[in-house]
Amino acid sequence: MADKHQGLSEVNRNKGSSASPAKQPNVASQSQDGKKQTQEQDPGQGLFRRTLKMFPKFRGIWHGKTTTDTEGEDKFGSRPADASTASIECTEMTNYVVKADQVPAMVKIMHQRLASPETADVRIFMNILRMAEEHPAGVVLTLLRCAPTCDRAAAMMWRTIGSSRSTVEKVLPTLLCVMEDWPLHSMFTSDGDDTDVFALAATLVIWVMVQVPKCHEAMHIYAPHLLVALLVQIFDSTVHGTEEVDNFWTQCQAEHHLQINSSRFAVQAMKSLLCRLRCENVVMAMERKRGWDTLLCADTQHYAMGLLAREMHRDLRALCTRIACHLLGHLSTAWHCWDLPFLAFIVEILDCLDLSECSDSVLEMMSRYLQNECRERRRLALRGLVVLMKDPSMARRIGILSHQLVDVLADADGEVVRISLSVFMNVLQHKGIMVSSTTAPRLAEVLLPLFDHDNSHVRMLSIQLFQKVMDLVVQEGKKPIERTVSQSLLPLFLHCHEENQRLAEASRETLHCAAGFLKKRGLKQVLEKEKLWKFGKRLLAEDRSRAAEHLRQALPYLQSPQESLREAAIRFMGMAGRYLRGQPGELHVLSEALEAMSKDDSPSSTNLEIQAIFGTRAAELRSSAGFREPLSQEQYQETVKRTSPFSVSGAPDTADAGHS
């Protein structure tokens, strides 16, 4: 090791002799609190003095100092600086093997030397590189502590580090570690110092180093980690601002003449990094679509992340793959406070992943978010499954999430339900996949109310999926779903009258499948002969005892916005009234029907006719029971008066009852 450093020293000495000293700008020392400091009052001076023994000339100057008032320390941890005595013989340092416990003191000496008004020897920059190569963590943390606002001297040191690819590669992990701890990072250095370091200080350093052209290759290696760390900075500074952070950033603004707040500065640093990575098109697209502004609002950050992912996906597929793998590590192991925007990003670039290597972690992540209480997280997880479905090998594996998907179908959000139905449909389209005996009953029960969903796409998918369940349920699962299939007959029959012809055709196909599943040959034949108007009558005739149940099942369709569905329901109710005669509870059922029909603001002629028939029958039942309800009778008389010009062509005893 000694030989290695000896060789490096010879090179530095030769370079130093041929280089002319570079003039550095003068920097005024910061004001102090005016208190006297002695060596005993500052334990750190012991190590500082021992380090000075390496430099004979500097040591002599130090011992010659009297204990006069020293300039006070900076509020954020800068060491005392005396420009008149900070004279370092760089050749002395190049011959010395630096030990880890000497790094903090030496970094402070270098910073003081560069902050002095004297011209710095070019060899001091070589020594900076040498120490950063050998002790990157010590150099980074010490420099962040003694110059957190990255003054001009510190900026020179960081740019020097940025000029060497190998050195940048070594210091970036420590900078990333600091950036990811908001708002303060705490880590011991070799001198025992554990003073907190502002995460924003590391972001400021990245911004300075990115401007060095030679850092491109090293930045590219760490690009996924840097981009994620900067995103965390944006999110944290937007939501978790503190007075301490604000005060620190005020000093940074004064030092660098910045007019923007800390969150916008993090965005600016990210733009600079993307440009250094030759992603100018992404920066411009985000600017044009106001994506950067959206990223600065806590409520819309996940939308901005989705936009950023889509823009990067177009031309930067390789980088997207690396970012996706890095984010997957964050989201697969534990809960992350910024998991929503990260999930939005990763869903957009899922197809960049090599699923042969990470399919298990991806599915585990999706399963966890499907059960999350947050609707937006469930929606994103479903969108991710839709992307994964494009890989045939994943389609079968997604089947293991069937129980979670069934639970999602109960969501009140139509979009969430629609995507979940699409995932189910895509899974069942692959050959050899069957519906288990445990999933089939739950799925069939959840699908039945979706037949009447407000969203026509949801209605279509739920009806088609119901047919798939009947076709693909395993043998032992058929018996448990027979009751649900039986309850689906009337809704499917009524939806055959949908104004949307594709939806009406899907309902007819599923109705035919249901009749076959229940082995109801008569119902199946009616459908095969395309005599749909006879289906309702045949359904009632096959089981008269269920007339009241069927009539009640038709009542909600009276409120349908589609006139064709309302008319089909009215005609069916008229037929059901005939089969209801003499059954227990007939009067109660008729009263429910009359109340439902009377709510129609613009009733059709069929509606009025059926009301008249039901009113007459209800009056007969009340009379035979020996009691009258004046309000209901008045309602009945008014109905008869309104319907007198019409003939009751849709009554159950007529030939065209039930015709649609």
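Summary of the structure given here. Predicted model only: the values in this text are computed from it and were never measured.

**Topic: the nonpolar core**
Right, on to step 1. If you look at the biggest cluster of nonpolar residues, it comprises 210 residues, and the most contacted ones within it are Trp-158, Leu-175, Met-312, Phe-342, Leu-385 and Leu-388.
Right, on to step 2. Considering every element that reaches this core, the biggest residue donor is helix H10 (residues 199-210), with eleven residues.
Right, on to step 3. Residues in contact with Leu-388, not counting those within four places in the same chain, are Leu-350, Leu-355, Val-362, Leu-363, Met-366, Met-394 and Ile-398.

**Brief notes about the side chain of His-216**
Right, on to step 1. In this structure, His-216 sits in helix H11 (residues 216-221).
Right, on to step 2. The class of His-216 is buried, set by a relative accessible area of 16%.

**Brief notes about helix H8 (residues 152-162)**
Right, on to step 1. Counting buried residues along H8, nine of its eleven residues qualify, which places the element largely inside the surrounding structure.
Right, on to step 2. Looking at H8, one finds that the buried residues are Ala-153, Ala-154, Ala-155, Met-156, Met-157, Trp-158, Thr-160, Ile-161 and Gly-162.

**Details of the packing of aromatic side chains**
Right, on to step 1. By the definition in use, this model includes eight aromatic pairs.
Right, on to step 2. Judged by centre distance (4.3 Å) and plane angle (0°), the ring pair of Phe-198 and Phe-248 falls under stacked. You can see Phe-198 sitting in strand S2 (residues 197-198) and its partner Phe-248 sitting in helix H13 (residues 243-256), a full 50 residues away along the chain.
Right, on to step 3. Phe-198 sits in the buried class, given a relative accessible area of 6%.
Right, on to step 4. Both rings, one in Phe-493 and one in Phe-572, keep their centres 6.4 Å apart while their planes meet at 55°; by these two values the pair is tilted. Placement of the pair is Phe-493 in helix H28 (residues 489-495) and Phe-572 in helix H33 (residues 563-580), with a sequence separation of 79 residues. Of the two residues examined, Phe-493 and Phe-572, each falls in the buried class.
Right, on to step 5. Taken together, the ring pairs in this structure connect Trp-207, Trp-249 and Phe-265 into an aromatic cluster.

**Let's talk about the packing of helix H5 (residues 103-115) against helix H6 (residues 123-134)**
Right, on to step 1. Here H5 crosses H6 at 150°, and the two axes come no closer than 11 Å. Regarding the angle of H5 to H6, the classification is roughly antiparallel. The way H5 lies across H6 gives a crossing that is left-handed. In contact with Met-106, Val-107, Met-110, Arg-113 and Leu-114 of H5, H6 contributes Ile-124, Phe-125, Asn-127, Ile-128 and Met-131.
Right, on to step 2. Grouping the amino acids of the contact of H5 with H6 by side-chain chemistry returns eight nonpolar, one polar and one charged.

**Topic: the packing of helix H30 (residues 521-528) against helix H31 (residues 535-542)**
Right, on to step 1. Packing of H30 against H31 leaves a shortest axis separation of 10 Å and a crossing angle of 175°. The orientation of H30 with respect to H31, classified from their angle, is roughly antiparallel. Listed contacts from H31 to Gly-522, Leu-523, Val-526 and Leu-527 of H30 are Phe-535, Arg-538, Leu-539 and Glu-542.
Right, on to step 2. For the contact of H30 with H31, the per-class residue count stands at five nonpolar, one polar and two charged.

Thresholds applied
Along every chain, residues carry numbers that run from 1 in the direction the sequence is written. At least 70 in pLDDT is required for a residue's local features to be given in this predicted model, at least 80 for side-chain atom pairs to be given and counted, and no such filter applies to totals for whole chains, interfaces and linings, which use all residues. Note that the side-chain values use all heavy atoms of the structure and ignore hydrogens as well as water. Among the buried residues, those of types Ala, Val, Leu, Ile, Met, Phe, Trp, Tyr and Cys that are joined through side-chain atoms within 4.5 Å form a nonpolar core. For every residue, the accessible area obtained with a 1.4 Å probe (protein chains only) is divided by the maximum for its type, and the residue is called buried under 20%, exposed over 50%, and partly exposed between those limits. Starting at the N terminus, helices and strands are each numbered in turn, a helix being any DSSP run of H or I of at least four residues and a strand any DSSP run of E of at least two. Contacts are assigned to residue pairs with any non-hydrogen atoms lying within 4.5 Å of each other. Only rings of Phe, Tyr and Trp enter the pairing, Trp through its six-membered ring, and a pair is recorded when the two centres are within 6.5 Å. The plane angle decides the type: under 30 degrees is stacked, over 60 is edge-to-face, the rest tilted. In this description, a line fitted to the C-alpha atoms serves as the axis of each element, helices being fitted only across the stretch in contact, and the angle between N-to-C directions of two axes falls anywhere from 0 to 180 degrees. The labels follow the angle: roughly parallel below 35 degrees, roughly antiparallel above 145, roughly perpendicular from 65 to 115, and oblique for the rest. Handedness of a crossing is defined here by the sense of rotation of the near helix relative to the far one, left-handed for an anticlockwise turn of less than a right angle and right-handed for a clockwise turn. Charged means Asp, Glu, Lys or Arg here, nonpolar means Ala, Val, Leu, Ile, Met, Phe, Trp, Tyr, Cys or Pro, and polar covers whatever is left, Gly included.

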